[in-house]
Amino acid sequence: MRAGRGGDPAVTVPEAEFRSYYGQPVLKPPVWHEPHMPVYLYLGGLSGASSVVAAAARFSGHDRLAFAARMTAFAGAGLGSGLLVAELGRPERFLNMLRVFKVTSPMSVGSWTLAVHGGLTAAGAASALTGLLPLAGDAAVMASALTGPVMATYTGVLLADTAVPAWHAARREMPFLFAGSALASAGAAGMLTTPRAEAAPARVAAALGAVMETTAAAIIERRLGLEGEPYHQGRAGLLIKASRALTLAGGLLATVAGRSRTLTAMSGLAITAGALCTRFGMLAAGKASALDPKYTVVPQRDRATGRRLVAVPDQEGGPDTP
Amino acid sequence: MTQEAETRPTRVGFFTDTSICIGCKACEVACKEWNGVPDDGFVFRATSYDNTGQLGADTWRHVAFIEQDDRWLMSSDVCKHCTHAACLDVCPTGALFRTEFDTVVVQADICNGCGYCVPACPYGVIDRRERDGRAWKCTMCYDRQRGGLEPACAKACPTDSIQFGPLDELRERAAARLERLHADGVAEARLYGDSPDDGVGGAGAFFLLLDEPETYGLPPDPVVTTRDLPEMWRWAGGAAVALVGAVAACFLGSRR
Ligand code: SF4
Ligand code: SF4
């Protein structure tokens, strides 16, 4: 059994005793590749939140921000779809994703949402670029403000709906983490692509998103016991620490970024880098969590023992009741 | 024949009685032969007589060896064909489906290798074969069953440690076997996966073990992840609303 790293004072979980089959994992780790999956998670969130920003900007008269956000929403969905297809073991069969619709499969819900969202954002972008059918373009942007929030949050359910202990245990906070990160990313993209005079709402979005993401991450850290350990250790721990520092710094800078181009660039880039680190960190933590049998066995053993002690208080010595 | 199979009313399964397993690996070999499962690589693990290590895309029966002070434990592991199967629930293409025998099977011509079933399985059974990009696992010899034959592993097992049949019958047989072992003083004998009240609604392939499940590499209290899915969608809904609210707030302060 490996000894826990004692360096992080936030980790107060005592070293757990458990049995395993030669220390081998009980679960299979997620097979998703880097950079495809984490970058898709980033782009999907960016696109989703950007479409909401685009709609709000359009109707509040922030036309340049609306245009930029519309383009970002389209680019994020387009590039993201490409990465998602490349991630498949059989990319030529990507259309099989639309063979059925299953609410029990967050990936099915996500594929359908991405298909619709991608179409809507493409229509919105095409209309804005060509100047054709402006009303239809606006309608597409409005509709993408409904698919966008699904894009930005379903990924939390996607990860949580697995047997991976670090992901499943964080199922409540995960959608908020992704939503916050998506909002910050969209704000950052808006700041970087819109003249400063018109980018005030993007700066607020960046700051608010950074607060939301950091809060969700802090709650994960506090609420999860042993299952949360992979978020603090090894490569995942480094990535999550980097994400926290970059997101907070970028969020703080966003509040003053209206003053100069340099501040705007620093803030936007820091938030973008932070959002990417979040996604790479989540994937790394999930893999580490599945590969160490401790995270599977110890919580389950506690649960099983607790239940048996309640049902059969004197089970020691007697035959086990299954 | 097919018609008869399609109207078959009872659910079938495996009862693997590890107390009489001799670790001969006939099941592993029969499975590979019948199903044409490719080589999984010979690994000398230097821990035991186990050289397949774990279930995977190319290992559909895996015989575990546990060397303890005064005894050897041997157990042939397999896909549990869960009543509530996470792999099937999360599969976005419908490649994973429930057969007329109440077993869980991947359709190789539909799977697009998205890999979602892999981390969803609470037992670490199904895996993606990177050479052909698709997910693979035990089919409980779906083709043989359609032909009225028992699965190859059960057929090949020389001690009848692997028993195949209607699940109800197997559960009764297992309960009787457990009672007998307890009467003989084997207090550590226990059934694993037999109860329809467990976290996966009962396994279609269940076991009689002589030690705690984790000793064999099995999870002690597996739960199908989709049990919590309604709750997860609710939290995501909350997050989606929060996102829209936050964006609205960003623009309230600066109407043009
Ligand atoms: S054991 Fe895993 S692969 Fe087999 S049916 Fe259950 S969830 Fe699916
Ligand atoms: S890898 Fe294949 S079987 Fe597994 S969830 Fe994806 S499509 Fe379904």
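Just so we're clear, the structure is a prediction, and the values are computed from it rather than from any experiment.

## Brief notes about the confidence of the model for chain A
Mean pLDDT over chain A stands at 92; residues scoring 70 or higher make up 90%. Within the model, pLDDT remains below 50 along residues 311-322 of chain A, and this stretch shows 15 contacts once partners closer than five positions in the same chain are excluded.

## Some points on the site of ligand 2
Contacts to ligand 2 come from C91, P92, T93, L96, V106, C111, N112, G113, C114, G115, C117 and A135 of chain B. The residue makeup of the shell around ligand 2, split by class, is eight nonpolar, four polar and no charged.

## What to know about the interface of chain A and chain B
At the interface, 76 residues of chain A touch 87 residues of chain B. For the pairing of chain A and chain B, the buried interface totals around 6600 Å² over both sides, and the portion due to carbon and sulfur atoms is 59%. Three residues, R19, Y21 and K28 of chain A, lead the burial of chain A against chain B; their summed loss comes to 13% of the area buried on that side. Our count for the contact surface shared by chain A and chain B stands at eight salt bridges. For R303 of chain A, the salt bridge identified is with D221 of chain B, shortest N-O distance 2.8 Å. Summed over the shared surface of chain A and chain B, the number is 33 residue pairs in polar contact (both at pLDDT 80 or more). Taken together, the elements giving at least two residues each to the side of chain A that touches chain B come down to α1 (36-59), α2 (63-87), α3 (106-130), α4 (134-160), α6 (174-193), α7 (200-223) and α10 (293-311) of chain A. Counted by class, the side of chain A that touches chain B contains 45 nonpolar, 16 polar and 15 charged residues.

## Some points on the sheet that holds strand β9 (residues 190-192) of chain B
All names here are of chain B. Within the open sheet, the four strands sit side by side as β8-β1-β10-β9. Their pairing is mixed. Both edges of this open sheet fall to β8 (162-166) and β9, since each of them pairs with a single strand only. Across this sheet, the average inter-strand angle for adjacent strands is 20°, counted without regard to direction. Of the pairings in the sheet, the one linking β9 to strand β10 (residues 205-209) comprises three bridges and is antiparallel in character. Along β10, the bridge assignment pairs R190 with L209.

## Some remarks on the UniProt feature "binding site: [4Fe-4S] cluster 2" (unreviewed entry) in chain B
Residue and element names in this part refer to chain B. Cross-referencing UniProt, the feature "binding site: [4Fe-4S] cluster 2" (unreviewed entry) maps to C31, C138, C141 and C153 in the present numbering. Spanning 123 residues, the named residues nonetheless gather at one spot, since no C-alpha pair among them exceeds 10.6 Å. In this structure, C31 sits in helix α2 (residues 26-35). Exposure remark for C31: the relative accessible area of 7% places this residue in the buried category. For C153, the location among the structural elements is in helix α6 (residues 152-156). Overall, C153 belongs to the buried group, its relative accessible area being 6%. Not counting residues up to four positions away in its chain, the partners in contact with C153 are F14, C27, A30, R61 and I162.

## With respect to unusual backbone geometry
What is expected of a backbone is that most residues other than glycine have negative phi and most peptide bonds are trans. In this chain, E34 of chain A is followed by P35 of chain A through a cis amide linkage whose omega measures 0°. In this fold, P35 of chain A is placed in the segment before α1. You will see that H81 of chain B, though not glycine, has its phi angle at about 45°, which is positive. Inspection of the secondary structure puts H81 of chain B in the loop between β3 (72-78) and α3 (86-90). Residue class for H81 of chain B comes out buried when judged on its relative accessible area of 1%. For D160 of chain B, which is not glycine, the phi dihedral falls at a positive 65°. By the element assignment, D160 of chain B lies in the loop between α6 and β8. Residue D160 of chain B is classed as partly exposed on the basis of its relative accessible area, which comes to 44%.

Thresholds, definitions, all that
Residues numbered from 1 in each chain as written. Chains lettered and ligands numbered in written order. Predicted model: local features only at pLDDT ≥ 70, side-chain atom pairs only at ≥ 80, totals over all residues. Heavy atoms only, no water. pLDDT = per-residue confidence, 0-100. Contact = heavy atoms within 4.5 Å. Near = heavy atom within 4 Å. Nonpolar A, V, L, I, M, F, W, Y, C, P; charged D, E, K, R; others polar. Buried area = accessible area lost by both parts, 1.4 Å probe. Salt bridge = Lys/Arg side-chain N within 4 Å of Asp/Glu carboxyl O. Polar contact = N/O pair within 3.5 Å; in protein donor to acceptor, adjacent residues only side chain to side chain. Helix = DSSP H or I, 4+ residues; strand = E, 2+ residues; numbered from the N terminus. Pairing = 2+ DSSP bridges. Axes fitted to C-alpha atoms, helices over the stretch in contact; angles between N-to-C directions. UniProt positions renumbered as here; feature names shortened; annotations may be inferred. Buried < 20%, exposed > 50% of the residue type's maximum accessible area, 1.4 Å probe, protein only.

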